[in-house]
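Residues per chain, in single letters:
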Amino acid sequence: MLPGALPSLGLALAGTAMIAAGLYLLRRAWRRRAGNRGPSILGGWALLAGAMVPWSALGGPDRGIILGILAACIIALAAVTVSIVMPAKRRKTREPSAAEEISPGRMSWHTPLRITYVTLLTGPLAGAAAILLTISFYRFLTGAGVGAADTGAAAFIFAVTAWAALASWVAMDNSLVRKSAVVAAFAAISAAHIFLLPVGGA
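Keep in mind it's a predicted model, so treat the numbers as computed, not measured. (Residues numbered from 1 in each chain as written. Predicted model: local features only at pLDDT ≥ 70, side-chain atom pairs only at ≥ 80, totals over all residues. Heavy atoms only, no water.)

> Talk me through a nonpolar patch on the surface; I want residue IDs and the actual numbers.
A contiguous nonpolar surface patch, about 240 Å² in accessible area, is contributed by Tyr117, Leu120 and Leu125. For tyrosine 117, the position within the fold is in helix α4 (residues 106–143). Given the relative accessible area of 30%, tyrosine 117 is considered partly exposed. (Patch = residues over 30% accessible without salt bridge, like charges linked within 9 Å, V, L, I, M, F, W, Y side chains within 5 Å. Areas by Shrake-Rupley, 256 points an atom, 1.4 Å probe, with all protein chains shown as cover. Salt bridge = Lys/Arg side-chain N within 4 Å of Asp/Glu carboxyl O. Helix = DSSP H or I, 4+ residues; strand = E, 2+ residues; numbered from the N terminus. Buried < 20%, exposed > 50% of the residue type's maximum accessible area, 1.4 Å probe, protein only.)

Below you can see the structure in the form of structure tokens.
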């Protein structure tokens, strides 16, 4: 191992651990229906903000923060994926309810189709909507006269953040119609902005 690799690895692990802990506290606060959620919310955001310190020390104040945001988005997407898959496995192992005992064949086709659709909505469909949003955002910055380097960096961060936000919404919302409408609306509005406005305009 190179002499400078161990400190860099330590900074990356520290930043990643703080991000994971912060996201865990925020998720626990969101799932907690009663009681005082303030400490978990404050602690979660404090850890997320503090995680930018080791990432900044690793890659500098500009690239390091970008790396930290990307790490947070990747961890959030992984948590969303787990939250979709694990409840489905728990539902298969739990004791069936009275309604399920009356119509045992209903869940055999409905549940797999719903899980498949939500997975597609969280991954490629939300990703496609995020790409359209990013192109629209890029067009806006270009039309506003922002430099090419700044526009590219901002669009890269925006793409990952938009995908994580849409995927989180899909995972949290229980209404299949509403979550589908949100993703479709973002995609349609962005596509209209991209294809209907002139290239140089915002």
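Having seen the structure, we can now continue with the description.
> I'd like a rundown of the side chain of serine 136, residues and numbers included.
Following the sequence through the fold, serine 136 ends up in helix α4. Judged by its relative accessible area of 13%, serine 136 is buried.

> Quick one: what's the story with the confidence of the model for the chain, residue by residue and with numbers?
Chain-level statistics for the chain give a pLDDT mean of 76 and a share of 78% at 70 or above. The least confident element of the chain is helix α3 (residues 98–102), whose mean pLDDT is 44; the most confident is helix α6 (residues 176–196), at 86. Taken together, the stretch residues 95–106 has pLDDT below 50 and engages in three contacts with residues farther than four places along the chain or on a different chain. (pLDDT = per-residue confidence, 0-100. Contact = heavy atoms within 4.5 Å.)

> Kindly report on the environment of isoleucine 65, identifying the contributing residues and their values.
For isoleucine 65, the location among the structural elements is in helix α2 (residues 38–93). In this structure, the C-alpha to C-alpha distance between isoleucine 65 and proline 54, residues eleven residues apart in sequence, is 9.3 Å. When neighbours within four sequence positions are excluded, isoleucine 65 is seen to be in contact with Met52, Ser56 and Gly60.

> If you had to explain the packing of aromatic side chains to someone new, which residues and values would you point to?
Tallied over the full model, the rule gives one aromatic pair. Between phenylalanine 137 and phenylalanine 158, the ring centres sit 4.4 Å apart and the planes meet at 15°, which makes this aromatic pair stacked. Placement of phenylalanine 137 in helix α4 and of phenylalanine 158 in helix α5 (residues 148–172) is noted, with a sequence separation of 21 residues between them. By relative accessible area, phenylalanine 137 is classed as partly exposed at 24%. (Phe/Tyr/Trp six-rings, centres within 6.5 Å; stacked < 30°, edge-to-face > 60°.)

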